[in-house]
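# Working through the structure, step by step
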Amino acid sequence: MSEIEYCGDEKCEKVVVGEPQAGSGPKTTDSIEINDYPEEFLTQSGSFAMPGLSATSVGKLLNALPIPALLVDRSFLIRFANRASESLGAIGNGLEGRPVALLFPAEEAGGKIRSVLDGVFSQRKPSAVESAITKREGTMWGRMHFRSLRLGQERHILILVEDLTHERDELLSTRRNREELERRVGERTSDLVEANEKLKLEIEERNKAEAALRESEERYRGLFEASSHALLIMDRETGQILDVNTAACELYGYSREELLGLSRSDLSAEQLTEGKAGDASTGRIPVRYHRTKDGTVFAVEITAAFFSRKDRPLTVLSVRNVTARHNAEREKNKLTKDLAAANRALRYQATHDGLTGLWNRRAISDRLGSELSRSMRERTPVGVVMADLDRFKEINDQYGHLAGDAVLQESARRLVASVRPYDEVGRYGGDEFLLVLPGCDKRRSLQLAERLREDFASSPLRTDEGEFNLTVSFGVTSVEDFSEPDAYALVREADTALYLAKSRGRNRVELPDADEVLKE
């Protein structure tokens, strides 16, 4: 048999928990017995007068808890509700005297709770149930802890309600994000798949840890020990720790006696600043970092409630370890960045030539189509030039493919450097390049091609593989009549002109019509 004594201003109440000692009376179970209390709180029948409960230290402690606490009689009516219970119930005049079923939006959930209450009344064993719970605005997901409690001649059930809405939403969100990441990562690289599997294992481990925590919570004794979070009661002015529950000892690695010798600042792993003080009106404090006895630093989420005892301002801190969540978020952010980088690389590879960095054949054809559409809207000409490196095969045969690749790269660089910033240059295939010249009619396109031809003919290509004297042949055409343009037909005309330049000795600029020549 163990006793917990709560003292108010002048009177004390004794809470008896567990098995009786020899000769102390009939055997009890895991119930709470309020044995010593002022006589004025008893009715003539020996029952406990509920209006007087708030005046006792037990009532004050219940009202000071940051979570809802209810007392329910055998008729399933709520006889007492602490201050934290004000947010519960879709009703406007309080909970006391109302059926406990009003707290549950679904009829079957209310029936399930009544069944649990029957079991606790008959067996006097603690129990816990998770369910949707009605609030004044909407619903929440909560875990209810049930304990048998005797006040005077009457037996009631004490219900402590934990709000798990945030944890449940967070778990569902994590699962959805994980599934989406697994789908995308599976389409990309095996490295990202392996990273996603690692995240999945971490989430599973976290779920296992939460399941183990729920099992241990069912064994907590007493009102203060019923919370699954670490609870610390401290002086609001000095920060001195005055009381802790078992969860706090386990979280920080200290014994209860060691924690009572510390202050709030001794648990912090960071420099406290005004900017991180939190919102006193809501009791929500931003994520902070605390340190265990062995020096391990971990992320915590803190909820604070404020009350006074004998005019002494006190604070109740509910501390939760959120390290796993922070690690999962960091891993998710890393995977998202890696995926975005992989997407950018894939988009680049899909549109650019791997050797020269120019548009590839498909992309330059798309650019030509876009310019032709704009030409039709704005009624402006578009020039098309096909360029081919003369006797490029001889360079490959004589100097090797590395030299050939270097010549292609330097030729591409020279073409890009010689045209306007908004002109388009692409590698059409092999040693052929296609130039799209917005706003250029046939004359200007010929002038540009001739300038490029002279540049290649007059100066050698300087590469890491050596210098190479190289000439280039050009085929030129343009769109100037603004009829329905055909990109394929234009490329074919430019290729026909290029064939003429090759057949007439190379190192030339030609139009599809052999009679048209460059005019000064």
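Residues numbered from 1 in each chain as written. Predicted model: local features only at pLDDT ≥ 70, side-chain atom pairs only at ≥ 80, totals over all residues. Heavy atoms only, no water.

## Brief notes about unusual backbone geometry
Spelled out, the test is: Note on conventions: DSSP H or I runs of at least 4 residues are helices, E runs of at least 2 residues are strands, and numbering of each starts at the N terminus. Working definition: with a 1.4 Å probe on protein chains only, accessible area under 20% of the residue-type maximum means buried, over 50% means exposed, and in between means partly exposed.
Phi is positive for Arg124, close to 60°, though the residue is something other than glycine. Mapped onto the fold, Arg124 is located in the loop between helix H2 (107–123) and strand S6 (127–134). The phi dihedral of Arg379 is positive, around 55°, even though this residue is not glycine. You can see Arg379 is positioned in the loop between helix H10 (361–378) and strand S14 (382–389). On the basis of relative accessible area, Arg379 is assigned to the exposed category, the value being 53%.

## Comments concerning the packing of helix H12 (residues 401–418) against helix H13 (residues 442–458)
A packed helix pair is summarised by two numbers, namely the angle formed by the two axes and the spacing between the axes. To be explicit about the condition: Throughout, an axis means a line fitted to C-alpha atoms (over the contacting stretch in the case of helices), and angles, computed between N-to-C directions, take values from 0 to 180 degrees. When describing relative orientation, an angle under 35 degrees is termed roughly parallel and one over 145 degrees roughly antiparallel, while 65 to 115 degrees is termed roughly perpendicular and anything else oblique. A clockwise turn of the near helix away from the far one marks a right-handed crossing, whereas an anticlockwise turn of less than a right angle marks a left-handed crossing. Residues count as neighbours in contact if any of their non-hydrogen atoms are within 4.5 Å of one another. Gly is put with the polar residues, along with every residue not named as nonpolar or charged; the nonpolar set is Ala, Val, Leu, Ile, Met, Phe, Trp, Tyr, Cys and Pro, and the charged set is Asp, Glu, Lys and Arg.
In the contact formed by H12 and H13, the axes pass within 11 Å of each other and the chain directions differ by 135°. For the element pair H12 / H13, the angle class is oblique. Classified by chirality, the crossing of H13 by H12 is right-handed. On H13, the residues that touch Ser411, Arg414, Leu415 and Ser418 of H12 are Leu448, Arg451, Leu452, Asp455 and Phe456. Class assignment for the residues of the contact of H12 with H13 results in four nonpolar, two polar and three charged.

## Comments concerning the nonpolar core
Using the following cut-off: Here, the term nonpolar core denotes a set of buried Ala, Val, Leu, Ile, Met, Phe, Trp, Tyr and Cys residues that are joined through side-chain atoms within 4.5 Å.
Ranked by size, the top nonpolar core spans 30 residues in total, and within it Val385, Leu389, Val407, Phe433, Leu435, Phe474 and Val476 carry the most contacts. Setting aside residues up to four positions removed in sequence, Phe433 forms contacts with Leu358, Val385, Met386, Ala387, Leu389, Leu408, Ala412, Leu415, Gly426, Arg427 and Tyr428. Of all hydrophobic cores here, the second largest spans 23 residues; its members include Ile78, Leu103, Phe121 and Val129.

## Considerations on the side chain of Asn360
Selection criterion: Polar contacts here mean pairs of N or O atoms no more than 3.5 Å apart (in protein, one a potential hydrogen donor and the other a potential acceptor; neighbouring residues in sequence count only if both atoms are side-chain atoms).
Examined against the element boundaries, Asn360 turns out to sit in the loop between helix H9 (323–351) and H10. A residue is classified by how much of its surface remains accessible, and Asn360, at 16% relative accessible area, is buried. At a separation of 2.8 Å, a polar atom in the side chain of Asn360 contacts the main-chain amide nitrogen of Ala363. Excluding its chain neighbours within four sequence positions, the residues that come into contact with Asn360 are Gln349, Ala350, Thr351, His352, Asp353 and Arg427.

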